[in-house]
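Single-letter residue listing:
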Amino acid sequence: MDRFVTRGKRKAESTLEEDVNTTQLQQSVTAPHIPVDNTLDGDGESTDIKLAILASLNPGIGHDTLLDLLIAHDGSVEATTEALKGAQNAGTAKKKLSGITSQASLRSFTVHGGTTPKKPRLLSRKGATLHLYDPSDISAHTPCTLIHNFLAPDTANALLVELLEEAKTFGKATFKLFDNVVSSPHTSGFFVGSDYELAEQKSAYFYNGARLSDIRRLTPQLEKVRPLVQEAVNDEIQKRIRTHHLHGGRKLKYQSPEPWSPNAAFVNLYDGPEQNVGWHSDQLTYLGPRAVIGSLSLGVAREFRVRRILPKDKDEDSGSNSTSNSMAKLDDLNEGQISIHLPHNSLLVMHADMQEEWKHCVTPAQAIDSHPISGRRRINVTYRDYRPEFHPRYTPRCACGIPTVLRVVQKKRENWGRYFWMCHAGNQPGKEACSFFQWAEFDDDGRPLWRKATGTHTAGLEVDAGKFGQPPKSLVGEGQPPTVSPERDTR
C-alpha cells in the first residue's frame, strides 16, 4: 500500500501548488512537479474509494480528518472505522469546518486498549500534504513545537499594533538569482537592542554578500516580549531533549548546551494572501550549528509548511540498481509536506534538528480570514540567538575580503551533515563569487575549534585535532553580544 497516501487534489489546491512552485523558483529552490497518483493500494482499493466508504459511514467527519486517520491506521478502512466508533462513543468526534480551523488530534481517534498509531513515522508521502493543527501531533511528526495563545491578549494586540505601524516603512530584500536581480515576496525589518549593536551590524556583519543599512532599535513591545519568548523556548528545548532525542535524553551533537538567549528580532510583514516565502533552511553563519529559533505569529493565520531533506547516493540519482530504487521508494514515504497552521498569538519553536534536516516555507493562500486588528496582514517576529564565537571578526574570510557563509551538506549522502564555509559575494548584483571552500569542524557543543598556543581562531579549519584547545580568554566577553540577522529565509 505504498501509494495510498497520495490523493487527487481539487482544482483550487492544484492552483495553489502551481503558485508555490513559482515562488520556489524565485527563492532558488526548485521542486519538480509531482503528478497526481491515484493508483490502487495493496488491498485493491484506491484511496478515494476508501475515503468514500468512510465518508458514507461518518457523514459528520471532514474529508481531511478522514484522510489523516486513514494514514495513521496504515490505510485500513476497518481499523479507521473502529477508531472513529470509539471516539464517537466518547463524544470527541467533531465536524471539520471549511477554511482555517482547529482539527481534532489524531490521539482522540485511537482505539482504547488497541494499537496506537505509529507516531515516529512521518505520515505524508512525496506529492502529498498532511495538515496538522494539534500541538501534540505537530511535536510528534515535525521538529517544531507550537504554543497557542502564547501572550496575554492585550500584550499580543499591543505588539501587533506597534509593529503594523513600524511595517509601513519596511522594505524588500534584493539579491541576485541565476544572473537575475530579484526581490523578496514580502517586506521585513531588523531590530537590535542598543546603539552599539546598530554600529556592529552596519560595519561588521554581512548578509547575502553585503552590509545592511536599515537597522532599528527594538521597540518597547519587542523588548517586553523578548524575555517571555526566551523562557518559553528554553522550556521547550529541555522538554524536547527529554522526550524526543535519542541517547538517553542528551542533546544533539553540535547543539549548544548554553541557555538560548535571543539578541534581537527580525520582523516580517505578509500583506495579503499572495505574499509568501519559498522553501529554504535558515542560514547558520552567526547562529552556529543546530540552532534553535523562536517565531511569533500575529494577525492573520497562515500556513507554515515543512518537509524533510533526504540525502541521496550517486546511484540513486540515476536509479541504476535495485537497491537505489528501493531507497527511492522508501524516501517517497518521507518527503511529503506537513502543513502547520499558525493562528494569531502563537509561538512556533524550531528545534535543533530543523535547519540541517528540513526545509520550510510560507505558501500563498487561496483565501484568508480577516483579523479584526490587522485585516489581511500577518506579522511574524523571529527571535534568534547569535553566538559570540561566530562573530564575523572570527569567521574565515574569502579572497573577496568579506566573511564567508556557513552551510551544511544536505543532498549527498556521502558528506551529509558536514559543515563548510564558502563565499557568498556573488549574491549581490554585479558581483561574482570567488572559489573559496573550507570544511568546518566544531566540538560536540558546536563551538569552532581553536589553535593552541597562538590563540589563532581557525573558525572550523580542518586540521589535526591535537593542535586545538579552548578559545583564548581575550575573546571571552569581548564587546557586546552579536545580534540576530535578517536573513532572506524567514517565516
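Quick caveat: nothing in here was measured; it's all calculated off a predicted structure. (Residues numbered from 1 in each chain as written. Predicted model: local features only at pLDDT ≥ 70, side-chain atom pairs only at ≥ 80, totals over all residues. Heavy atoms only, no water.)

(A) Inspection of the overall build of the chain at higher detail. In terms of helices and strands, the chain carries 12 helices and 19 strands. Relative to its full complement of 491 residues, the chain shows a buried share of 53%. On the chain, roughly 21,700 Å² of surface is accessible, and the fraction owed to carbon and sulfur atoms is 52%. (Helix = DSSP H or I, 4+ residues; strand = E, 2+ residues; numbered from the N terminus. Buried < 20%, exposed > 50% of the residue type's maximum accessible area, 1.4 Å probe, protein only. Areas by Shrake-Rupley, 256 points an atom, 1.4 Å probe, with all protein chains shown as cover.)

(B) Structural context of the sheet that holds strand β7 (residues 264–271). Taken together, seven strands build an open sheet; the order of strands is β2-β12-β9-β14-β7-β5-β6 and the sheet is mixed. Two strands bound the open sheet, and with one partner strand each, they are β2 (144–147) and β6 (216–217). With seven bridges connecting them, strand β9 (residues 293–299) and strand β14 (residues 377–384) associate as antiparallel partners. Its bridge partner lying in β14, S297 is registered against N380. (Pairing = 2+ DSSP bridges.)

(C) Representation of the pairing of strand β5 (residues 187–192). The element β5 is largely enclosed, with a buried count of six among its six residues. Alternating positions in β5 separate into two faces, T187, G189 and F191 on one and S188, F190 and V192 on the other, with burial throughout. Note: β5 against β7, six bridges, orientation antiparallel. Opposite S188, over in β7, you have N268 as the bridge partner.

(D) Spatial organisation of the packing of aromatic side chains. On inspection of all chains with the given rule, the structure shows 13 aromatic pairs. Between the aromatic rings of F170 and F191, the centroid separation amounts to 6.2 Å while the plane-to-plane angle is 65°, which identifies the pairing as edge-to-face. One end of the pair, F170, is in the loop between α6 (153–166) and β3 (174–177); the other, F191, is in strand β5, and 21 residues separate them in sequence. Accessibility classification places F170 together with F191 in one group, the buried group. The aromatic ring of W279 is capped on one face by R307, whose charged end is 4.7 Å from the ring centroid. (Phe/Tyr/Trp six-rings, centres within 6.5 Å; stacked < 30°, edge-to-face > 60°. Lys NZ or Arg CZ within 6 Å of the ring centre and 35° of its normal.)

(E) Spotlight on the packing of α6 against helix α8 (residues 220–243). At a minimum axis separation of 9 Å, α6 and α8 run at an interaxial angle of 140°. The angle between α6 and α8 places the two elements in the oblique class. α6 and α8 meet at a crossing whose hand is left-handed. Together, T155, A158, L159, E162 and L163 of α6 and P220, Q221, L222, K224 and V225 of α8 make up the contact between the two elements. (Axes fitted to C-alpha atoms, helices over the stretch in contact; angles between N-to-C directions. Parallel < 35°, antiparallel > 145°, perpendicular 65-115°, else oblique. Left-handed = near helix turned anticlockwise from the far one by under 90°. Contact = heavy atoms within 4.5 Å.)

(F) View of the environment of R413. Within the secondary structure, R413 is located in the loop between β15 (405–408) and β16 (419–422). Engagement of the side chain of R413 in a polar contact is seen with the backbone oxygen of P311, the distance being 2.9 Å. (Polar contact = N/O pair within 3.5 Å; in protein donor to acceptor, adjacent residues only side chain to side chain.)

(G) Up close: the pairing of strand β12 (residues 346–350). Most of β12 is tucked away, with five of its five residues classed as buried. Burial along β12 is two-sided: the face carrying S346, L348 and M350 and the face carrying L347 and V349 are both buried. Taken together, the four bridges between β2 and β12 define a ladder with antiparallel strand orientation. If you follow T145 over to β12, its bridge partner there is V349. Bridge analysis of β9 against β12 gives five bridges, and the strand direction is antiparallel.

(H) Focus on the nonpolar core. Counting residues in each nonpolar core, the largest one holds 39 residues, and the members touching the most others are F304, I340, L348, L406 and Y419. Sorting the residues of this core by element identifies β1 (129–132), β2, β10 (302–308), β11 (337–342), β12, β13 (358–362), β15 and β16 as the ones contributing at least two each. Per element, the largest residue contribution to this core is three residues, and it comes from β11. Core analysis: the second largest hydrophobic core is formed by 31 residues, L159, L298, V349 and Y383 among them. (Core = buried A, V, L, I, M, F, W, Y, C linked by side-chain atoms within 4.5 Å.)

(I) Structural detail: the sheet that holds β16. With antiparallel pairing, three strands are arranged side by side in an open sheet as β15-β16-β17. Two strands lie at the open edges of the sheet, namely β15 and β17 (437–440), each paired on one side alone. Within the sheet, the average angular offset between the axes of one strand and its neighbour, ignoring direction, is 30°. Here β16 pairs with β17 via four bridges, running antiparallel. Among the inter-strand pairings, M422 is bridged to a residue of β17, identified as F437.

(J) Highlighting α6. Given a rise of 1.5 Å per residue, 14 residues ought to cover 20 Å, and the 20 Å separating the end C-alpha atoms of α6 matches this to within 8%. Every buried residue belonging to α6 is among T155, A156, L159, L160, E162, L163 and L164, and all of these are buried. (Expected span 1.5 Å × (residues − 1).)

(K) Spatial organisation of the environment of A367. With respect to the helices and strands, the residue A367 is situated in the loop between β13 and β14. As for A367 and G272, which are separated by 95 residues in sequence, their C-alpha atoms are 9.1 Å apart.

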